[in-house]
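Spelled out, the chains give:
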Amino acid sequence: MKKYDFDTVMDRRNTCSMKWDTNPDTSLLPLWVADMDFSGPPEVIEAVRKRAEAGAYGYTVPCDGYYGAIIDWMKRRHRFDVKKDWIKFGPGVVPALNMLMHAYTQPGDKVIIQTPVYYPFFVSIKNNHREILDNPLKLRNGRYEMDFDDLEIKARDPQAKLMILCSPHNPVGRVWTKEELTRLGEICLRNNVIVLSDEIHNDLILRGYRHTVFASINDDFSRNSVVCVAPTKTFNMAGLQTSAIIIPDEKLRALYGDVLECNFMRRPNLFGIVALEAAYRHGEAWLEELLDYLQGNLDFMTDFIGRYIPQIKIIKPEGTYLVWMDCRALGMKGRELEDFMLNKAKLWLDEGYIFGDAGDGFERINIACPRATLAEALNRLHAAIKP
Ligand SMILES: Cc1ncc(COP(=O)(O)O)c(C=O)c1O
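Residues numbered from 1 in each chain as written. Predicted model: local features only at pLDDT ≥ 70, side-chain atom pairs only at ≥ 80, totals over all residues. Heavy atoms only, no water.

1. Notes on helix H9 (residues 250-262)
(1) Moving on: The first and last C-alpha atoms of H9 sit 18 Å apart over 13 residues, in line with the 18 Å expected at 1.5 Å per residue.
(2) Moving on: Inspection of H9 places Leu252, Arg253, Tyr256, Gly257, Val259 and Leu260 among the buried residues, and these make up the whole buried set. Projection of H9 onto a plane perpendicular to its axis shows the buried side chains occupying an angular sector of 160°, all on one side. Across H9 from its buried face, at more than 90 degrees, point the exposed residues Glu250, Lys251 and Cys262.
(3) Moving on: Elements that come into contact with the buried residues of H9 comprise strand E2 (87-90), helix H4 (93-104), strand E8 (194-198), helix H8 (219-223), strand E9 (225-229) and strand E10 (243-246). (Helix = DSSP H or I, 4+ residues; strand = E, 2+ residues; numbered from the N terminus. Expected span 1.5 Å × (residues − 1). Buried < 20%, exposed > 50% of the residue type's maximum accessible area, 1.4 Å probe, protein only. Arc of directions from axis to C-beta. Contact = heavy atoms within 4.5 Å.)

Here it is as structure tokens:
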């Protein structure tokens, strides 16, 4: 018996929603930014409501409930034993990545990323006057893989100090295997490149795949890495801007702590930590149903595209709720493809080229929405492409 409702179409307009209230044309269906068009777990809503009713929204510190919830969740869901003092507060993961970059690199240093990748990675590197060192992923038989030979060369660059690993990977949807992560970790270790493992999508693993926490692989990797996690993607609470930055190594932890202090970033958002604790303590049943629903959406989309728009190839995701569509056979790229999606299909998606040059000709669609919304999007796409 299903307990939770993912089918109801919510009206998110006039809620200060980035997805729905910055829409340049209200006839567009927005399926771009990575939040979900579902209400979060009722257990989280209830905890936030209770705390809201208690009033007195004063200065807040992460308390035992916050740490305990993270430790138990990481152990139960991810078989990773986290010690309390490894956990540092993070506002969002992206602000934390920026601060980590400050902690471990100097202007002019190089940061390795694997494009096509979540675009704030390269925006952050550029804004902080560091340099991008790209280790592009390779698309082989419809599946993205890491290029370890190239990584070996890039990591050997004496200016390469950091690698931002996207695990699971947005937008290509790979859930990296332990073997792949081990090869990557060994290369980084040999070359003194610290690994920032952005694992914000760690709970959104489709059936049949298994996420490996980078730092859980061995002690050497644990000492050479930082793992960024958050309940914000998993439970649809990105607006609460809360994450946990797990740093097993004392020296790396102290350096991040210094940057937090510099920015006077000591105090979490009260509702963020209330929601984090409720989600990790009571949200698991909701998450399991969500994963089934997402799998259903993916199956529905795969069937629809295969039947009606076979020119588009779906890169089968193993995790996340983002689907990377290879649209190159439509014969359009860059702005032309963007214009087609916006003005002909009336869909607001994330254009592939914003994830790096290798993404040109691709589109990223967010399928964390009621099936009726997804069906509407696919019908629009079909109607626009039909001769
Ligand atoms: C890989 C990745 N990291 C970080 C974020 C955003 O993190 P936050 O909202 O905590 O800054 C996203 C959001 O889509 C993401 O996909």
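2. Regarding the nonpolar core
(1) Moving on: Judged by nonpolar contacts, the single largest core of 71 residues is most densely connected at Tyr66, Met74, Leu290, Met301, Ile312, Met325 and Leu381.
(2) Moving on: With 10 residues, the top contributor of residues to this core is helix H11 (residues 284-308).
(3) Moving on: Taken domain by domain, this core gets at least three of its residues from each of domain 1 (18-42 + 284-385) and domain 2 (57-282).
(4) Moving on: Other than its neighbours up to four places away in sequence, methionine 325 contacts Met301, Ile312, Lys313, Leu349, Gly361, Phe362, Glu363, Ile365 and Leu381.
(5) Moving on: Counting residues in each nonpolar core, the second largest holds 29 residues, with Val93, Val117, Leu162 and Cys166 among its members. (Core = buried A, V, L, I, M, F, W, Y, C linked by side-chain atoms within 4.5 Å. Domains from an automatic or database assignment.)

3. Concerning the sheet that holds E9
(1) Moving on: Strands sit in the order E2-E10-E9-E8-E7-E3-E4 across an open sheet of seven strands; the sheet is mixed. Edge positions in the sheet fall to E2 and strand E4 (131-134), since each has one partner strand and no second. Between one strand and the next, the sheet's axes are offset by a mean angle of 25°, whatever the strand orientation.
(2) Moving on: Bridge count between strand E7 (residues 160-166) and E8: five bridges; the pairing is parallel. Bridge pairing in E8 places methionine 163 opposite valine 195.
(3) Moving on: Relative to the sheet, helix H7 (residues 178-190) contacts E7 and E8, its axis offset from that of E7 by approximately 165°. (Pairing = 2+ DSSP bridges. Axes fitted to C-alpha atoms, helices over the stretch in contact; angles between N-to-C directions.)

4. Describing the domain arrangement of the chain
(1) Moving on: In terms of domains, the chain is made up of domain 1 (18-42 + 284-385) and domain 2 (57-282).
(2) Moving on: Between domain 1 and domain 2, the C-alpha centre-to-centre distance is 25 Å.
(3) Moving on: Contacts between the two partners involve 35 residues from domain 1 and, on the opposite side, 34 residues from domain 2.
(4) Moving on: When domain 1 packs against domain 2, the two sides together hide about 3,100 Å² of surface, and 55% of this comes from carbon and sulfur.
(5) Moving on: Applying the counting rule to domain 1 against domain 2 returns seven salt bridges.
(6) Moving on: As a salt-bridge pair, aspartate 292 and arginine 207 come within 2.9 Å of each other at their nearest N and O atoms.
(7) Moving on: One can count 20 residue pairs in polar contact (both at pLDDT 80 or more) joining domain 1 with domain 2.
(8) Moving on: Elements represented by at least two residues in the side of domain 1 that touches domain 2 include exactly H11, strand E12 (322-326) and strand E15 (362-366).
(9) Moving on: Among the residues forming the side of domain 1 that touches domain 2, the class breakdown is 20 nonpolar, six polar and nine charged. (Buried area = accessible area lost by both parts, 1.4 Å probe. Salt bridge = Lys/Arg side-chain N within 4 Å of Asp/Glu carboxyl O. Polar contact = N/O pair within 3.5 Å; in protein donor to acceptor, adjacent residues only side chain to side chain. Nonpolar A, V, L, I, M, F, W, Y, C, P; charged D, E, K, R; others polar.)

5. Notes on the pattern of salt bridges
(1) Moving on: Counted according to the given criterion, the structure contains 34 salt bridges.
(2) Moving on: The partner of arginine 335 in a salt bridge is glutamate 338, with the nearest N and O atoms 3.3 Å apart. With arginine 335 and glutamate 338 both in helix H12 (residues 334-344) and three residues apart, the pair spans about one turn of that helix.
(3) Moving on: Exposure remark for arginine 335: the relative accessible area of 61% places this residue in the exposed category.
(4) Moving on: One network of salt bridges, with partners in common, ties together Lys2, Arg76, Arg77, Arg207, Glu284, Glu288 and Asp292.

6. Focus: H12
(1) Moving on: Regarding H12, the residues found buried are Gly334, Leu337, Glu338, Phe340 and Met341. The buried residues of H12 all sit within an arc of 155° when viewed along its axis, so they share a single face. Turned more than 90 degrees from where H12 packs its buried face, Arg335 and Lys344 sit exposed.
(2) Moving on: Where H12 is buried, its residues contact strand E13 (347-348), strand E14 (350-351), E15 and helix H13 (371-385).
(3) Moving on: Once H12 ends, the next one or two residues include lysine 346, with phi positive near 60°.

7. Quick look at the packing of aromatic side chains
(1) Moving on: For the coordinates displayed, the defined rule picks out 20 aromatic pairs.
(2) Moving on: Note on phenylalanine 6 and tyrosine 293: the rings are 5.5 Å apart at their centroids and 35° apart in plane angle, and the pair reads as tilted. Here phenylalanine 6 is found in the segment before helix H1 (18-21), whereas its partner tyrosine 293 is found in helix H11, with 287 residues between them in sequence.
(3) Moving on: Residue classification places phenylalanine 6 among the buried positions, given a relative accessible area of 4%.
(4) Moving on: Assessed through its relative accessible area of 9%, tyrosine 293 is described here as buried.
(5) Moving on: Ring plane angle 80° and centroid distance 5.1 Å describe the contact between tyrosine 66 and tyrosine 67, whose orientation is recorded as edge-to-face. (Phe/Tyr/Trp six-rings, centres within 6.5 Å; stacked < 30°, edge-to-face > 60°.)

8. Focus: the environment of phenylalanine 304
(1) Moving on: Along the chain, phenylalanine 304 falls in helix H11.
(2) Moving on: Through-space distance from the C-alpha of phenylalanine 304 to that of asparagine 379 is 9.1 Å; in sequence the pair is 75 residues apart.
(3) Moving on: When near neighbours in sequence (up to four residues on either side) are disregarded, phenylalanine 304 contacts Ile309, Leu378, Asn379 and His382.

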